[in-house]
Structure formats: C-alpha cells, structure tokens
Amino acid sequence: MRAPKYAYALVDLSGTIHQGTTPLPGAVQAIKTLRQDGIVQVRFLTNTSMTSRRRLLLQLRSIGFDEQCVADESEILTAATAAASSIEERKLTPLLLTEDATLEDFERVLPNANLPVPTPAPNCVVVGLAPSKLDYETMNKAFRVLNSDPDSVLMAIHRSKFFIDKDDELSLGPGPFVAALEQASSKLCEVCGKPSDLFFEAALKSLGCTDPSTCVMVGDDLLSDIAGAQSVGISAHLVRTGKYTEKDERHATISPDEISDSIVDAVEAIMGPDIAVKVDAWEEEGGGAPLSPREEKMAEEIKSLRSKLSKLDPDDEALMSEIMTPKKLVLGEGEPASTPLPATEGQEAT
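These figures come from a predicted structure and were not determined experimentally.

Cut-offs used in this document
- For every chain, the first residue of its written sequence is number 1, and the numbers climb from 1 along that sequence.
- Totals for whole chains, interfaces and linings use every residue, but because this is a predicted model, local features are given only for residues with pLDDT of at least 70 and side-chain atom pairs only at 80 or more, for both listing and counting.
- Only hydrogens and water are removed before side-chain values are computed, so all heavy atoms of the structure are retained for them.
- Note on aromatic pairs: the rings of Phe, Tyr and Trp (six-membered ring only in Trp) are paired at centre separations within 6.5 Å, and the planes decide the class, stacked below 30 degrees, edge-to-face beyond 60, tilted for the rest.
- For every residue, the accessible area obtained with a 1.4 Å probe (protein chains only) is divided by the maximum for its type, and the residue is called buried under 20%, exposed over 50%, and partly exposed between those limits.
- Counting as a charge over the ring demands two things of the Lys NZ or Arg CZ atom: a distance within 6 Å of the ring centre and an angle within 35 degrees of the ring normal.
- A run of DSSP states H or I qualifies as a helix once it reaches four residues; a run of E qualifies as a strand once it reaches two. Both are numbered from the N-terminal end.
- Any two strands are treated as partners once DSSP identifies two or more bridges connecting them.
- Just to be clear on terms, a salt bridge is a Lys or Arg side-chain nitrogen sitting within 4 Å of an Asp or Glu carboxyl oxygen.
- Whether a crossover is right-handed comes down to one check: with the strands pointing away from the viewer, does the path from the first strand over the helix to the second run clockwise; if it does, it is right-handed.
- To get an axis, a line is fitted to the C-alpha atoms, and for a helix only the part in contact is used. The angle between two axes follows their N-to-C directions and goes from 0 to 180 degrees.

Side note on the packing of aromatic side chains
The tally for this structure, following the rule as stated, stands at one aromatic pair. Ring geometry for Phe199 and Phe200: centres 6.5 Å apart, planes at 70°, overall edge-to-face. The same class applies to Phe199 and to Phe200, which are both buried. For Lys243, the ring lying beneath its charged end belongs to Phe162, and the centroid distance is 5.4 Å.

Structure, rendered in structure tokens:
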C-alpha cells in the first residue's frame, strides 16, 4: 500500500512516455503503477495536431499501452479537441490548416469537411502541425479569411517553434506559420493547447479536481508542460527525456517543482514509499519524523489488517470476506475522494 503525494496526475505523451512508435524504457509499467488501485486519477495531455484522438489511442495500444494504462479515448485530452470545443461554443466556421487525419475531431463543427472550402464562408483559421498543408496557397487563403472579416479568429492548436521529426532532427513546428499570419493580419492568435490556462483548467475539470495543488503534471517541455501547469496552480514534474535539455534546469524564470530522469522515476516520486515498510521503520525507530495525515490513515488500516490476520480463523466467513475485499485509501477531510475509472506522430512536440 502506497500513499501518493497527489490525488490527480496529468501526463504528457510524446517525449514523456513514448518517442515516435517506441515506448520509453519502463513507461508502460510506470503508468500501470501510477494507476494502481485507482488511488491516483489520471489524464493524458497532448498538443498533437497530426492525428485524431481515436487514432492516437490506437497508436498507444499498438506500442503496448493497454486498457490498464489508458482506459479509453476520453482519458486523452488533445489540443485539437479543445479547439473544436471552442469553435462549437462560439458557433464559428473554421478553415483548417491541419492534416486530414485530424478531421474526425472537427466533424461536429465542420459538417462540410470534405469540401475544399467549407460553407458557410469560414470566419476562423485553425493552424496545427500540417507539413502537407502549410504552403503558400493555403497560407494565403488563411490570410484572406482573416483579413476579410474584422471579427475573424486565428487559433493555433499549439505554436511550438519546432518538433523532433522522423529522422530525429528538428523541423519547423506550427509556431512560425502562426507568427506569419499574426503579422500579416494584425490579429493575435488564441492557443488552444498547452500552455494555455484554459486547456489545463479543462483537464482539471475532466478529473473532477477542484484544488489544483492536489494535481501534478509530468512532462518533458519546460514551457508547455511545466510553466503551463504552474500558471494554474498545478505542481510540475519535469522529466529528462524528449525535448528536455540541460539548460531547462537553469532557466531564469521557470523552475520545475521536481525533476526526474524518466517517467519511471517520476512515478516512483509521486507514488511515495510502501506505507507498510515506512510504518515498520517508523515504529522500530520509536517515532522519528511524524507521518502525514494520509499516511496515518493508511497506517491504521495496515495495523487493523495485521491484527485481524493474527486472529485469523479460516472458518470465519465474514472476517475472511472483509480481509479479501480490496480497499481504497480513505482520504483525509478536505481531500478529494477518488472516483472509479471507466471499465473498460513524425514526433510532434507536445
């Protein structure tokens, strides 16, 4: 039995648990450990704009992240779905500068998605990482949409300057293209994904988390993951994989709450020690450092279980049933209770 530091966790995908089509070492088991017993509620955040959420889930399944890691696509929050939600709420008609693989995430706001130009005329431009679409003709079409209507909106799924391409080299991200449209149209872009406050607030809402301090974000991007999470009060745990560089630890204004070498080490830090072992050590030392309120509750459960085991009567069906029934941690007053989980990319910068 373990006492996690947080009740909720947000986990980045690309560069944090996988690189391209390869899971990072130990990542699959680390996510299973994080989700053990349902004590920590988890959502996965990504800025990917080259594929839909459904296809992303299939990709994760194909590299080993099964239902114990990601129950279903509702646990994956993408910047593209955030953009679609914003468009739907504001009743906008978008011109999409995204790869065709993302179209299904926009179906509800673009019923004529298969047409070269949507009807009615677009009053919103959405830019994602779209190597096959970001050419002069398409960029000029986007400029004309923005320039023709003073109320038109420029959205970016994200505006990363670069990403790690299939050849492991850096390539231009959507950021420079967004900047060109901003300059030409004199409009400021709305960012839908990380590090947008709205994106992180939506993630907290998805978890049912009302206190950001009980949540941690684990990611490899100092700006999108770390600064973005901290801006809404979420603790931020940087991993030294993916986009991470040594200079991230010397940044003048952004300082992660914790840093680990990998998702494996980050999960171990989040989950904390085995409480039974800690209680034993604490008792052997005659006290020592006090246990936290959460650890004290778990310690009481452990002591009660040990007491019952010492008096175990195999013929006592009620006692045997109580002992054999798995229990979840009862959190302290004011702490969010856990809720049951549903049963059930080139490598884009995220």
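Some remarks on the pairing of strand E1 (residues 8-12)
The buried fraction of E1 amounts to five of the five residues, a majority that puts the element mostly inside the structure. The alternating pattern of E1 places Tyr8, Leu10 and Asp12 on one face and Ala9 and Val11 on the opposite face, and all of these are buried. The pairing of E1 with strand E12 (residues 215-219) spans four bridges and is parallel. What sits directly across from Val11, in E12, is Val218.

A closer look at the pattern of salt bridges
Under the defined criterion, the tally for this structure stands at 16 salt bridges. Residue Glu182 is joined to Arg159 by a salt bridge in which the shortest nitrogen-to-oxygen separation is 2.9 Å. Note that Glu182 is positioned in helix H5 (residues 175-185) and Arg159 in the loop between strand E8 (153-156) and strand E9 (162-164), a separation of 23 residues in sequence. Its salt-bridge partner being Arg240, residue Glu249 comes within 2.8 Å of it at the nearest N-O pair. For Glu249, a relative accessible area of 37% puts it in the partly exposed group.

Observations concerning the pairing of E8
Every second residue of E8 is oriented toward a common face, with Val153 and Met155 on one face and Leu154 and Ala156 on the other, all of them buried. Bridge count for strand E7 (residues 124-127) against E8 is four bridges, and the pairing is parallel. Bridging from a neighbouring strand, Val126 pairs with Met155 of E8. With respect to chirality, the unit in which E7 leads through helix H4 (residues 136-148) into the neighbouring parallel E8 is right-handed. Pairing of E8 with strand E11 (residues 190-191), which is carried by two bridges, proceeds in the parallel orientation.

Brief notes about the sheet that holds strand E13 (residues 235-239)
The six strands are arranged E5-E4-E1-E12-E13-E14 in an open sheet whose pairing can be described as parallel. Looking along the sheet, the strands with just one partner apiece sit at the ends: strand E5 (76-78) and strand E14 (258-260). Within this sheet the neighbouring strands show an average axis-to-axis angle of 25°, counted without direction. Summarising the sheet, E1 and strand E4 (residues 41-46) pair through five bridges and their orientation is parallel. Its bridge partner lying in E4, Asp12 is registered against Leu45.

Note that every value here comes from positions in space, so none of it alone points to a role or purpose.
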